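Structural characterization, general
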Amino acid sequence: QKQKDITTDVVDDLDAVLLEFAAKDGICTFGTCQEKTHTLIDPVSLCKLCRRRFCLKHFQAEMHGCGDAAQKLEQKRFKQAYDASAITRGSGLVNKPAANRGSLSNKLQDKISSQAA
């Protein structure tokens, strides 16, 4: 009998905890803010860095404390994009094949002579 009572109490406690979490899931997690977030679109209200939900006042990373992490992430993305598109040193006309340089030189001479005429 006592075992059944303890089991029932544990199940009831678990249900109460789950209901409390479900109720808090739709509320902004910033400090004492009690704004509802379940009316917002998920990509807006869910922070990609800390995986918590915020209202429209606190959804920006700088507003709720993820500013440093957001800055580091954007710097990393910028550096990767820059490295992928960076021109390597010495990739100019000097390294082109001689035949290609000759044709470019001829095109330049033709353009100069057509403008002079």
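Residues numbered from 1 in each chain as written. Predicted model: local features only at pLDDT ≥ 70, side-chain atom pairs only at ≥ 80, totals over all residues. Heavy atoms only, no water.

The number of helices and strands found in the chain is five helices and zero strands. Along the chain, helices (α) and strands (β) appear in the sequence α-α-α-α-α when read from the amino end. Each of the 117 residues in the chain was classed as buried or not, and the buried ones make up 14%. Accessible surface, the chain as shown: approximately 10000 Å² in total, 58% of it carbon and sulfur. (Helix = DSSP H or I, 4+ residues; strand = E, 2+ residues; numbered from the N terminus. Buried < 20%, exposed > 50% of the residue type's maximum accessible area, 1.4 Å probe, protein only. Areas by Shrake-Rupley, 256 points an atom, 1.4 Å probe, with all protein chains shown as cover.)

Core analysis: the biggest nonpolar cluster contains eight residues, these being C28, C33, C47, F54, C55, A61, C66 and A70. Beyond its immediate sequence surroundings of up to four residues, C47 is in contact with R52, F54, H64 and C66. (Core = buried A, V, L, I, M, F, W, Y, C linked by side-chain atoms within 4.5 Å. Contact = heavy atoms within 4.5 Å.)

Structurally, the position occupied by L49 is in the loop between helix 2 (42–45) and helix 3 (61–64). On the basis of relative accessible area, L49 is assigned to the partly exposed category, the value being 34%. Considered as a pair, L49 and L73 are 24 residues apart in the sequence and their alpha carbons are 9.2 Å apart. Contact partners of L49, with chain neighbours within four places excluded, come to A61, C66, A69, A70 and L73.

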